Amino acid sequence: METTTLNEKTRHEMVISNPDVDVRFYLSKDEGSYVTPHWHDSLELVYVIKGCVTLNLPHGISQTAHSNEFFLANPREIHSVLSGKNEALVLQIPQKFYEKFLSPQSLYHFAVDMHPENTIEQTKLEKIKKTFLDLFITYDIRPEGYQLRFYSLLYDLLFTLVHSYSKKIQPSEYTHQTKMFHRMKDIMDYIDKNHRNAISTSTIANHFSYHPDYLARFFKKYMNCTITDYI
C-alpha cells in the first residue's frame, strides 16, 4: 500500500494506487527525513497528525505544516520535503482521476492558506481536516461497503478543493509552465546522469547553451537550492 518507485534518472515518482481504491492513501510514520526534489502526476495532500513537515516549492515558496495542518503539491510541480519526527496522512490523487469530472477546457492550480482570518474559510479548513480523519478511519476499519464511504468522502474533498482552493489557469500560462517544467526536468536529468563526473554550473550551462549566471538563477528559482548544493 505504501510503495512508490523512483526513477533515478528523471526523479519522477511513480505513484502506485492502493489496490482497492484509485488513489494512494496511507499513514506515514517518519523519524525525520529529506525527500529530494521530485515530481509526479498526482495531486498530493499531506495532513500532519503529529510533528511538522516542510514542503519546498518552486519560486522559493516554502510551507510548513504542524500538527492538525496540511499542505498540498500540484501535479508536475517539482518539490522536496523536509520533515522532523512526525505522523501524517498522505493522499495522492492521480490527475486523470479527477479531471474526468471537470471541464476539459479548464486547468486548475490548487493552493491553501492554513491560517485564514475569515471564519467561513476556517470552517472549510476544519471540514477538510475532518474528512481526512474520516477517510483514515473508514480505510483502517473497512466496514462492509467501506469503499462507498471512502469514495463519497474523497469526492466531497475534491469538490471542496475545486470550489474553494483552486484557480483556473489560462492556456497561455499553462503552456509557459509546461515549457519551464520540461526545461527544469531536462537539467535535472542531465545532473542525475552526470553528477559523478565532477560537473559544474559552467559544464551544465555549456551543455544546454545557457549562460552560467542565467542557469544558476533559473535553477535556484525552481529548486530552492543552488546547483552545487543539489549535486
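Residues numbered from 1 in each chain as written. Predicted model: local features only at pLDDT ≥ 70, side-chain atom pairs only at ≥ 80, totals over all residues. Heavy atoms only, no water.

(A) Geometry of the overall build of the protein chain. Looking only at helices and strands, the protein chain features 7 helices and 12 strands. For the protein chain, the spread of C-alpha atoms along the three principal axes comes to 60 × 40 × 35 Å. For the protein chain, the accessible surface area stands at approximately 12,400 Å², while carbon and sulfur atoms represent 53% of it. (Helix = DSSP H or I, 4+ residues; strand = E, 2+ residues; numbered from the N terminus. Areas by Shrake-Rupley, 256 points an atom, 1.4 Å probe, with all protein chains shown as cover.)

(B) Quick peek at helix α6 (residues 212-223). With 12 residues, α6 extends 16 Å from end C-alpha to end C-alpha; this agrees with the ideal 16 Å at 1.5 Å per step. Among the residues making up α6, those that are buried are Leu 215, Phe 218, Phe 219, Tyr 222 and Met 223. Relative to the axis of α6, the buried residues are bounded by an arc of 105° and lie together on one face. If you follow the buried residues of α6, they end up packed against β4 (33-38), α4 (171-194), α5 (201-208) and α7 (227-230). After α6 finishes, the residue Asn 224 shows a positive phi value of roughly 60°. (Expected span 1.5 Å × (residues − 1). Buried < 20%, exposed > 50% of the residue type's maximum accessible area, 1.4 Å probe, protein only. Arc of directions from axis to C-beta. Contact = heavy atoms within 4.5 Å.)

(C) Broad picture of the environment of Ala 73. In this structure, Ala 73 sits in strand β8 (residues 69-73). Residue Ala 73 is classed as buried on the basis of its relative accessible area, which comes to 1%. Distance from Ala 73 to Asp 134, taken between C-alpha atoms, is 21 Å for residues 61 residues apart in sequence.

(D) Structural context of the side chain of Arg 24. Considering the arrangement of structural elements, one finds Arg 24 in strand β3 (residues 24-30). Within polar-contact distance, the side chain of Arg 24 engages the side chain of Tyr 26 at 3.5 Å. (Polar contact = N/O pair within 3.5 Å; in protein donor to acceptor, adjacent residues only side chain to side chain.)

(E) Representation of the confidence of the model for the protein chain in the model. Of the residues in the protein chain, 93% have a pLDDT of 70 or more, and the chain-wide mean is 87. Ranking the elements of the protein chain by mean pLDDT puts strand β1 (residues 4-7) last, at 40, and helix α3 (residues 146-164) first, at 96. Confidence over residues 1-11 falls short of pLDDT 50; this stretch has 36 contacts with residues more than four positions distant or in other chains. (pLDDT = per-residue confidence, 0-100.)

(F) Molecular detail of the packing of helix α2 (residues 119-141) against α3. Interhelical geometry of α2 versus α3 gives an angle of 160° and a closest axis separation of 10 Å. As the angle between them shows, α2 and α3 are arranged roughly antiparallel. The chirality of how α2 crosses α3 is left-handed. Each of Lys 124, Lys 127, Ile 128, Thr 131, Asp 134, Leu 135, Thr 138 and Tyr 139 in α2 lies in contact with α3, whose residues at this interface are Tyr 146, Arg 149, Phe 150, Leu 153, Leu 154, Asp 156, Leu 157, Thr 160, Leu 161 and Ser 164. For the contact of α2 with α3, the per-class residue count stands at 9 nonpolar, 4 polar and 5 charged. (Axes fitted to C-alpha atoms, helices over the stretch in contact; angles between N-to-C directions. Parallel < 35°, antiparallel > 145°, perpendicular 65-115°, else oblique. Left-handed = near helix turned anticlockwise from the far one by under 90°. Nonpolar A, V, L, I, M, F, W, Y, C, P; charged D, E, K, R; others polar.)

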